[in-house]
Structure formats: structure tokens, C-alpha cells
Amino acid sequence: MDLETVFSICNTAVLPGWLLLAFAPRWRWTQRIAAGIAAALALVYLIAIVPTFGKGEGGFGSLHDVEQLFARREVLLVGWIHYLVFDLFTGSWEVRDAARLRIPHVLVVPCLVLTLLFGPIGFLAYLVLRAALRRRLDIEETTSVEAPATR
């Protein structure tokens, strides 16, 4: 399969997850579908990165090295899939966290759009919204999970 086709498939594959997060956040299947899409793309990422890893020029030591690394279309595609997976994961977390904290979903939707389009800006917008409504700046879970009893 050519790189353009994989790119198009991956770009299209994330859309149902984002649409569900925006328009059906409390539907019992929304988080499962979004996580499934992210996991499927993570598998595509794995399949795509194995043949490219360690081949070619570039690296992560300098901006010039990163430029050289992403000059190869195969690596650029892998990098894009990386963004797609982590942005969808972040958007899913925003929706779960907002529901847990009872933040009105209508206020979260702009953060989701920003997360889809500009990743870290959307995440930052959600954290600012969260802090403004809670009047504190933590991201700790308020519930704890008890360890299973040992026998």
C-alpha cells in the first residue's frame, strides 16, 4: 500500500473517534471506540516504524537532525500517525476527566477541536478551563483504587 493511501486511511480513521467524543461523550461505546481507533493506529505505527527505524540520516539530537530524520516520507508518515494517536488519546482523557469533574461538555468541545487541530494548545485550553472551573491547578485523580487484599 502506498504512503498516501495509508495517510488518508489514518486521517479518516480518527474522525469517528473525534465525532463521538464531541457529540456522544457519555455513550457507553464512545471511549471504547476512541481507544480502539487509537490502538489500531498504534499498530499501524508499529508496522510502519519497524522497517524505517535506524535507517537513513537524522535523529533527535538537534533540530537539524530531526529535519533530516523527517525528510524521508516513511518517517514523516510515522510521525504523523504518532500525532494522530496521542491527540485522540488526549481528547479522550479530556472527555473522561471533564465527565468525572462534571464540567459541562459544551465547554469541553472547543478544547477538543483545538486538541484535534493543534494538539498541545487544545490540551492547554482544557487545563485552563479545568483550573478556572475548579479554582485549582491539579490533575490528580480524586478517587483512589484500593490494592487487592493479599492472603
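That block above? That's the structure.
On a predicted model such as this, the values are computed, not experimentally measured, just so you know. (Residues numbered from 1 in each chain as written. Predicted model: local features only at pLDDT ≥ 70, side-chain atom pairs only at ≥ 80, totals over all residues. Heavy atoms only, no water.)

Visitor: Can you break down the layout of surface pockets residue by residue, with the values?
Guide: Here the largest pocket is characterised by a volume of approximately 350 Å³. Every residue lining the largest pocket is counted, 18 residues in all, and those nearest its centre are Ile 49, Phe 60, Leu 69, Phe 70 and Val 75. Breaking the lining of the largest pocket down by element, the ones donating at least two residues are α2 (30-49) and α4 (73-100). Take the lining of the largest pocket: its biggest share by element is 7 residues, from α4. Tallied by class, the residues present in the lining of the largest pocket amount to 11 nonpolar, 6 polar and 1 charged. By volume, the second largest pocket is sized at about 220 Å³. As for the second largest pocket, its lining consists of 14 residues, of which Trp 80, Leu 84, Asp 87, Leu 116 and Leu 117 are closest to the centre. A per-element tally of the lining of the second largest pocket places α4 first, with 5 residues. (1 Å grid on protein atoms, 1.4 Å probe; cavity = no way out; pocket = protein on both sides within 12 Å on 5 of 7 lines; lining within 4 Å. Points joined across faces, edges and corners; volume = space filled by probe spheres on them. Helix = DSSP H or I, 4+ residues; strand = E, 2+ residues; numbered from the N terminus. Nonpolar A, V, L, I, M, F, W, Y, C, P; charged D, E, K, R; others polar.)

Visitor: Lay out empty space enclosed by the protein in plain terms, naming residues and giving numbers.
Guide: Evaluated as defined, the whole model comprises 1 cavity of 30 Å³ or more. Taken as a whole, the largest cavity holds about 40 Å³ of empty space. The wall of the largest cavity is formed by Pro 25, Arg 26, Val 95, Ala 98, Ala 99, Ile 103 and His 105. Top contributing element to the lining of the largest cavity by residue count: α4, with 3 residues. Class assignment for the residues of the lining of the largest cavity results in 5 nonpolar, 1 polar and 1 charged.

Visitor: Describe in detail the pattern of salt bridges, supporting the description with residues and values.
Guide: Summed over all chains, the structure comprises 4 salt bridges. Where Glu 4 meets Arg 73, a salt bridge forms, and the shortest distance between an N and an O atom there is 3.1 Å. Of this pair, Glu 4 sits in helix α1 (residues 3-23) while Arg 73 sits in helix α4, and the two are 69 residues apart along the sequence. With relative accessibility at 44%, the residue Glu 4 sits in the partly exposed group. Ionic pairing is found between Arg 130 and Asp 97, a salt bridge with its closest N-O pair at 2.4 Å. With Arg 130 in helix α6 (residues 120-134) and Asp 97 in helix α4, the pair connects residues that are 33 residues apart, well separated along the chain. (Salt bridge = Lys/Arg side-chain N within 4 Å of Asp/Glu carboxyl O. Buried < 20%, exposed > 50% of the residue type's maximum accessible area, 1.4 Å probe, protein only.)

On their own, these measurements won't tell you what the molecule is for.
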